[in-house]
Each structure stands twice: as structure tokens, then as C-alpha cells.
Amino acid sequence: DAGFWAALSSLVKTAKSPIILTANFCPSQLRNNNNLSSLSFELERPAPIECATKLLQICRQEGIRVNSRIRELGPDRIHEKLSSLASACHCDLRKMIHELQVFASG
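Let us look at the structure shown here. Here the structure is a predicted model, which is why all the values come from computation and not from measurement.

Definitions and cut-offs
- Residues numbered from 1 in each chain as written.
- Predicted model: local features only at pLDDT ≥ 70, side-chain atom pairs only at ≥ 80, totals over all residues.
- Heavy atoms only, no water.
- Helix = DSSP H or I, 4+ residues; strand = E, 2+ residues; numbered from the N terminus.
- Rg over C-alpha atoms; globule rule 2.2 N^0.38 Å.
- Buried < 20%, exposed > 50% of the residue type's maximum accessible area, 1.4 Å probe, protein only.
- Contact = heavy atoms within 4.5 Å.
- Lys, Arg positive; Asp, Glu negative; His and termini not counted.
- Charge placed at Lys NZ, Arg CZ, Asp CG, Glu CD.
- 1 Å grid on protein atoms, 1.4 Å probe; cavity = no way out; pocket = protein on both sides within 12 Å on 5 of 7 lines; lining within 4 Å.
- Points joined across faces, edges and corners; volume = space filled by probe spheres on them.
- Expected span 1.5 Å × (residues − 1).
- Arc of directions from axis to C-beta.
- Salt bridge = Lys/Arg side-chain N within 4 Å of Asp/Glu carboxyl O.
- Core = buried A, V, L, I, M, F, W, Y, C linked by side-chain atoms within 4.5 Å.
- Patch = residues over 30% accessible without salt bridge, like charges linked within 9 Å, V, L, I, M, F, W, Y side chains within 5 Å.
- Areas by Shrake-Rupley, 256 points an atom, 1.4 Å probe, with all protein chains shown as cover.

The next subject is the overall build of the chain. Within the chain one finds six helices and zero strands. Computed over C-alpha atoms, the radius of gyration of the chain comes to 20 Å, more than 25% over the 13 Å expected from 2.2 N^0.38 for 106 residues, which places it beyond the range of a compact globule. Viewed in the frame of its principal axes, the chain has a C-alpha envelope of about 60 × 25 × 20 Å. Counting all 106 residues of the chain, 24% fall into the buried class. In the chain, of all internal contacts separated by at least 6 residues, the share reaching a separation of at least 24 is 64%. Charged side chains in the chain number 13 positive and 10 negative. The centres of these two groups are separated by 5 Å.

What follows is the structure, encoded as C-alpha cells:
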């Protein structure tokens with residue numbers, strides 16, 4: 001959308017703090033725009049096991065209890081189940097947190 005880049009250029013000129021854009025790829029409009037100075041960082045998605053660890057941490061902090069049937073199988077099985085959730089969500093933490101909210105709300 002051409003209007004977006006014009007609006008962004010205008011916003012950059014008046015902003016008093018940095019503007020952070022996130023994207024799956026760096027669009028040519030950003031790379032080729034002399035009016036915008038930018039830094040680009042490439043991030044990798046975490047591994048499913050890393051996601052499972054983070055989800056367990058979130059569950060503990062938010063008081064979300066794991067289903068008693070799964071809890072009885074032990075911590076390794078819980079980690080395995082959460083790793084499966086991570087894989088199903090393509091290791092997108094936003095999606096996984098949303099899934100936790102859905103499960104937690106019943």
C-alpha cells in the first residue's frame with residue numbers, strides 16, 4: 001500500500017521515539033527508502049522444546065494448572081505435550097499463548 005509508506009515517512013519525521021516494525025521479510029520499500037534510516041535484525045523461531053519450557057513458565061506464573069490426567073504422566077510427558085503444541089503452532093509464541101488462554105478459560 002503506497003499510502004502506508006508515505007504515512008510512515010511522515011510519522012518518522014515527527015516521532016520522538018524509535019518506531020519498531022516487525023515483518024516476516026524486509027520489504028523493498030523500506031530497504032530503498034532514503035528518508036528512513038533503519039536497522040534490520042533477523043530472528044529465528046525457537047525450537048519446540050524451548051517453547052515448551054517458556055509455556056511451562058507462563059503456566060506457573062499465571063496459575064494455569066495442567067490437566068490432572070496429563071500431570072499424572074509426569075513432567076517429561078507434559079513437556080512433550082507442550083512441544084507438540086509448539087510444533088502445531090509453528091513455534092509462534094503468540095499463537096501458543098492464545099491456545100493457552102483458550103484452554104485455561106475452559
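Don't stop here, the text continues.
Now for the layout of surface pockets. In this approach, a probe sized like a water molecule rolls over the atoms, and the result shows the empty space that is left. A volume near 1,300 Å³ is recorded for the largest pocket. Those elements that provide at least two residues to the lining of the largest pocket are α1 (2–14) and α6 (93–104). No other element matches the four residues that α1 contributes to the lining of the largest pocket.

Turning next to helix α5 (residues 75–88). Between its first and last C-alpha atoms α5 spans 20 Å; for 14 residues at 1.5 Å apiece the expected length is 20 Å, and the two agree. Taken residue by residue, α5 has Ile78, Leu82, Ser83, Leu85 and Ala86 as its buried positions. Mapping the buried residues of α5 onto a view down its axis gives an arc of 155°, with all of them on the same face. Every exposed residue of α5 that faces more than 90 degrees away from the buried side is listed here: Asp76 and Ala88.

What follows covers the side chain of Ser83. Within the secondary structure, Ser83 sits in helix α5. Sequence-distant contacts of Ser83, defined by excluding residues within four places in its chain, comprise Pro48, Ile49 and Ala52.

Let's shift gears to the pattern of salt bridges. One pass over the full model with this rule turns up two salt bridges. As a salt-bridge pair, Glu80 and Arg77 come within 2.4 Å of each other at their nearest N and O atoms. Residue Glu80 and its partner Arg77 are located together in helix α5, separated by three residues, close to a single helical turn. Owing to a relative accessible area of 29%, Arg77 belongs among the partly exposed residues under this scheme.

Counting 14 residues, the largest nonpolar core has Cys51, Leu55, Leu82, Leu85, Ala86, Met96 and Leu100 as its most contacted members. Among the elements that make up this core, the one with the highest residue count is helix α3 (residues 48–62) (six residues).

Our next topic: unusual backbone geometry. A positive phi angle, near 55°, is found at His90, a position not held by glycine. Positionally, His90 belongs in the loop between α5 and α6. Of note, the phi angle at Cys91 is positive, near 55°, even though the residue is not glycine. Note on placement: Cys91 falls in the loop between α5 and α6.

There is a patch of nonpolar side chains on the surface, built from Phe4, Leu11, Val12, Ile19 and Leu21 and spanning about 400 Å² of accessible area. Among the structural elements, Ile19 can be located in the loop between α1 and α2 (28–31). A relative accessible area of 35% means that Ile19 is categorised as partly exposed.

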